[in-house]
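# Structure at a glance
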Amino acid sequence: MEIAICIPTYKRKELLSKLLDSIERQDLSTEAKKSLTVIVIDNDEKKSASWVLENKAYSFNLVYVSEPRKGLATVRNRAIKEAMKFAEYILFVDDDEWVVPNWVNSMLETCTSYNADVVSGPVVPVYPDGVSDWIVKGGFFERKRFTTGQDSGVTRTGNILFKTSVLKEQESLFAEELNLIGGEDSHFLTRLYRQGKKMVWCDEALAYEPVPKERATISWLKLRFFRIGCTGVIYRNMIDSSIKNKMLSLSKTILLIVISITTLPAVFIPKKRIQWILQWEKVKGRINAHTGGVYNEYQ
């Protein structure tokens, strides 16, 4: 059984090194590690991650691929292209995360036990020292978790396993027109979910992600919620471009505007102010998308 772990990366040497070290510590036999290949896909045209070729300390197979064409969708597609040559299972993990020792085994066991096509795991935020209490209490970086084996619905690609056979069935993979906008993972996973692919959760396959101090601010969160609102409309319209779907999407936005207006007094309540502001940014993002605007988060 051949397994590929794909790591898209861009100028994160220290974090990438920490991730690779955590993969080295996986609870796998010597034989199992021989069937494990880590593919590092470097999206820096200057090949800043090529240092991995010089590190001979890992017991797993390590492949370095340079992909200078900018964009997460392009990088993920390149990773899948490389992994599909040999792997039965393909895992993705972000380059700013690290994983627990039972990560690979937990993902594979869940996939087998529940006959799943896709398995997702939790990404737990790690906050920096001195972060404001409202950031932690607000749960803005927390992601929904489920019981192992439960239908996960549409998640993200920061901690995920695909059966390679499912990917080979697809006419197209990650939408490269979303390279600079984002939302390419939600777009792809929504397509799979609508195809009836079995997508389950593995709560034991933990990944941890540090929250940079520059992200633990209201200004960064406002931009992120705006982008979420904008890309949500865009990628759903890409999946279903019918007039009916576009009218339903517009109707939802109008309803959200009405709700925002009627709950406006919440801005005067300290515990609810931030939540209201961020939800309003999401509504503004939706309005932006309806009027033909985009927000290029990844430039």
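One structure accompanies this document, and this report is about it. Not measured: the values here are computed from a predicted model.

Glancing now at the overall build of the protein chain. In terms of regular secondary structure, the protein chain is built from 10 helices and 10 strands. For 299 residues, the compact-globule formula gives about 19 Å, and the C-alpha radius of gyration of the protein chain, at 20 Å, lands near that figure. Carbon together with sulfur atoms contributes 53% to the accessible area of the protein chain, which is approximately 14800 Å² in total. Across the protein chain, 42 positive and 36 negative side-chain charges occur, with their mean positions spaced 6 Å apart.

So, on to the packing of aromatic side chains. Tallying each qualifying case throughout the model produces 10 aromatic pairs. For the ring pair Trp134 and Phe140, a centre distance of 5.8 Å and an interplane angle of 65° mean the geometry is edge-to-face. The class of Trp134 is partly exposed, set by a relative accessible area of 32%. Note on Phe140: relative accessible area 16%, which makes it buried. Chaining the aromatic ring pairs together yields one cluster made of Phe92, Phe162, Phe174 and Phe188. Cation over ring: Lys18 sits above Trp98, and NZ or CZ is 3.6 Å from the ring centre. The ring of Phe174 has Arg76 sitting right over it, with the charged end atom 5.7 Å from the ring centre.

Moving on, we come to the layout of surface pockets. If you add up the space inside the second largest pocket, you get close to 160 Å³. Looking at the second largest pocket, the residues that line it are Trp134, Lys137, Gly138, Phe140, Pro270, Lys271, Arg273, Ile274 and Gln275. Listed by contribution, the elements that provide at least two residues to the lining of the second largest pocket are helix 5 (133–138) and helix 10 (270–290). In terms of residue count, the dominant contributor to the lining of the second largest pocket is helix 10 (5 residues).

Further remarks concern the sheet that holds strand 9 (residues 199–201). Taken in spatial order, the 7 strands make up an open sheet running 3-2-1-4-8-6-9, and their pairing is mixed. Pairing within the sheet leaves two strands with one partner each, and these edge strands are strand 3 (61–66) and strand 9. Looking at each pair of strands side by side, their axes are set apart by 20° on average, direction ignored. Pairing geometry for strand 1 (residues 3–9) and strand 2 (residues 36–42), over 7 bridges, is parallel. Within strand 2, the residue paired with Ile3 across the bridge is Leu36.

Nonpolar side chains collect at one region of the surface, where Ile243, Met247, Leu250, Ile254 and Val258 lie side by side and expose about 460 Å² of accessible area between them. Locating Ile243 in the fold gives a position in helix 9 (residues 243–262).

Bringing the sheet that holds strand 10 (residues 207–210) into the picture now. In space, the 3 strands of this open sheet follow the order 5-10-7, with mixed pairing throughout. Across the chains shown, the open sheet's two edge strands, defined by having one partner strand only, are strand 5 (98–99) and strand 7 (123–126).

What follows covers the nonpolar core. Membership of the largest hydrophobic core comes to 37 residues, with the highest contact counts inside it found for Ile5, Ile7, Leu20, Ile23 and Trp103. Listing elements by their share of this core, those giving two or more residues are strand 1, helix 1 (13–24), strand 2, strand 4 (89–93), helix 4 (103–113) and strand 7. With 5 residues, helix 4 is the largest single contributor of residues to this core. In this view, Ile7 contacts Leu16, Leu19, Leu20, Ile23, Val38, Ile39, Val40, Ile41, Val93 and Asp95; residues no more than four positions away in its chain are not counted. By size, the runner-up hydrophobic cluster in this structure holds 24 residues, among which are Ala4, Ile39, Phe92 and Leu173.

A few words now on the environment of Ala32. Among the secondary structure elements, Ala32 is positioned in helix 2 (residues 30–34). Distance from Ala32 to Leu248, taken between C-alpha atoms, is 49 Å for residues 216 residues apart in sequence.

The rules behind each value
- Chains are numbered independently. Their residues run from 1 in the order of the written sequence.
- Owing to the predicted nature of the model, reporting of local features is limited to residues with pLDDT of at least 70; listing and counting of side-chain atom pairs is limited to 80 or more, with chain, interface and lining totals taken over all residues.
- Excluded from the side-chain calculations are hydrogens and water; all other atoms, namely the structure's heavy atoms, are used.
- Numbered from the N terminus, helices here are DSSP runs of H or I no shorter than four residues, and strands are runs of E no shorter than two.
- The quantity called the radius of gyration is restricted to C-alpha atoms. Its globule counterpart is 2.2 Å times the number of residues to the power 0.38.
- In short, Shrake-Rupley with a 1.4 Å probe defines the accessible areas, and a residue's cover is counted only from the protein chains shown.
- Neither His nor the chain ends is counted toward charge; the positive residues are Lys and Arg and the negative residues Asp and Glu.
- By convention, the point assigned to a charge is CZ for Arg, NZ for Lys, CD for Glu and CG for Asp.
- Classification of ring pairs rests on two measures: the distance between centres of Phe, Tyr or Trp rings, Trp counted by its six-membered ring, which must be within 6.5 Å, and the angle between planes, read as stacked under 30 degrees, edge-to-face over 60 and tilted in between.
- Think of it in three bands: with a 1.4 Å probe and only protein chains considered, a residue is buried below 20% of the maximum accessible area for its type, exposed above 50%, and partly exposed in between.
- Any Lys NZ or Arg CZ found within 6 Å of a ring centre and within 35 degrees of that ring's normal is scored as a charge over the ring.
- Lining residues are defined by having an atom within 4 Å of a point belonging to a cavity or pocket. Those points lie on a 1 Å grid over the protein atoms alone, cavities being sets where a 1.4 Å probe fits but cannot get out and pockets being open sets with protein on both sides within 12 Å along at least five of seven lines.
- Grid points are joined across faces, edges and corners, and a volume is the space filled by probe spheres set on the points.
- Whether two strands pair depends on DSSP finding at least two bridges between them.
- Under this scheme, a helix contributes an axis fitted over its contacting stretch, all axes are lines through C-alpha atoms, and angles between N-to-C directions fall in the 0 to 180 degree range.
- Candidates for patches are residues over 30% relative accessible area with no salt bridge; among them, like charges are joined within 9 Å and nonpolar side chains (Val, Leu, Ile, Met, Phe, Trp, Tyr) within 5 Å.
- The salt bridge criterion pairs a side-chain nitrogen of Lys or Arg with a carboxyl oxygen of Asp or Glu, the two atoms within 4 Å.
- The definition of a nonpolar core used throughout is a set of buried Ala, Val, Leu, Ile, Met, Phe, Trp, Tyr and Cys residues joined through side-chain atoms within 4.5 Å.
- Whether two residues touch is decided by their heavy atoms; if any such pair falls within 4.5 Å, the residues are in contact.

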